[in-house]
Amino acid sequence: MSKFVVVLALGAGLSSPVTIPAAAREGGNFNGAWSVELVTESGMVCDSRYTYAISVQEGQVRLASASSNAALSGRVGPDGTVGLNVSNGTASGAVAGRLQAQTGGGTWKVSSLCSGRWTARRQTTRTAQAE
């Protein structure tokens, strides 16, 4: 499977266009690193499972793993609603879902190629301390 579809599937796993009022665009409660797993439920073009790293900063969502020519844009609303748009060439994806304090989930679809569900877990940073 090409990276093109893989990264597109990632974006699709997290995206559905969402309009958020300007005053509510701070998704700060969700800032940080997230691990996202996509599970394909239909379609023969996609692998059965993908894992990606996502970064959320002030509500803005960015891919933190996998280099690609895919374009990923979107936001996390103050209520955790995830809205992303993903495109690469002629393919595009849509995602719907919600983040909570430490987890999240929803559905994704890449054009007519494949679709499925996604889950997310907030990554915690642990600091080593000398004794």
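In what follows, the structure referred to is the one given above.
Residues numbered from 1 in each chain as written. Predicted model: local features only at pLDDT ≥ 70, side-chain atom pairs only at ≥ 80, totals over all residues. Heavy atoms only, no water.

**Q** I would appreciate a short explanation of the pattern of salt bridges in the present structure.
**A** Two side chains with opposite charge may pair up if their charged atoms get near one another. For the structure shown, the criterion picks out three salt bridges. When the shortest N-O distance is used, the salt bridge between E37 and R49 registers 3.2 Å. Of the two residues, E37 is situated in strand 1 (residues 32-42) and R49 in strand 2 (residues 49-57); the sequence distance between them amounts to twelve residues. Relative accessible area serves as the criterion here: at 27%, E37 is assigned to the partly exposed category. For R49, a relative accessible area of 48% translates into the label partly exposed. R117 is the partner of E41 in a salt bridge, and the nearest nitrogen-oxygen pair spans 3.0 Å. Taken together, the positions of E41 in strand 1 and R117 in strand 8 (residues 114-122) put the pair 76 residues apart, joining distant regions of the chain. (Salt bridge = Lys/Arg side-chain N within 4 Å of Asp/Glu carboxyl O. Helix = DSSP H or I, 4+ residues; strand = E, 2+ residues; numbered from the N terminus. Buried < 20%, exposed > 50% of the residue type's maximum accessible area, 1.4 Å probe, protein only.)

**Q** Looking at this structure, I do not really get the state of the cysteines. What am I missing?
**A** Put plainly, a disulfide is one covalent bond tying together the sulfur atoms of two cysteines. Taken as a whole, this structure holds one disulfide when the rule is applied. With its sulfur 1.8 Å from that of its partner, C46 forms a disulfide with C114. Of this pair, C46 sits in the loop between strand 1 and strand 2 while C114 sits in strand 8, and the two are 68 residues apart along the sequence. Taking relative accessible area as the criterion, C46 reaches 10% and is therefore assigned buried. The exposure class of C114 is buried, given its relative accessible area of 3%. (Disulfide = S-S within 2.5 Å.)

**Q** Which parts of the structure should I look at to understand unusual backbone geometry?
**A** Note: most residues except glycine have negative phi, and most peptide bonds are trans. Non-glycine residue E58 carries a positive phi angle of around 50 degrees. Within the secondary structure, E58 sits in the loop between strand 2 and strand 3 (60-63). For E58, a relative accessible area of 41% gives the class partly exposed. The backbone of S111 sits at a positive phi, close to 40 degrees, despite the residue not being glycine. Checked against the element boundaries, S111 lands in the loop between strand 7 (103-110) and strand 8.

**Q** Please explain the side chain of R122 as it appears in this structure.
**A** Positionally, R122 belongs in strand 8. Comment: no salt bridge for buried R122; closest opposite-charge side chain is E58, at 11 Å. A distance of 2.8 Å separates a polar atom in the side chain of R122 from the backbone oxygen of N29. In terms of polar contacts, R122 uses its side chain to reach the backbone carbonyl oxygen of N31, at 2.7 Å. Beyond its immediate sequence surroundings of up to four residues, R122 is in contact with N29, F30, N31, A33, W34, A101 and Q102. (Lys, Arg positive; Asp, Glu negative; His and termini not counted. Polar contact = N/O pair within 3.5 Å; in protein donor to acceptor, adjacent residues only side chain to side chain. Contact = heavy atoms within 4.5 Å.)

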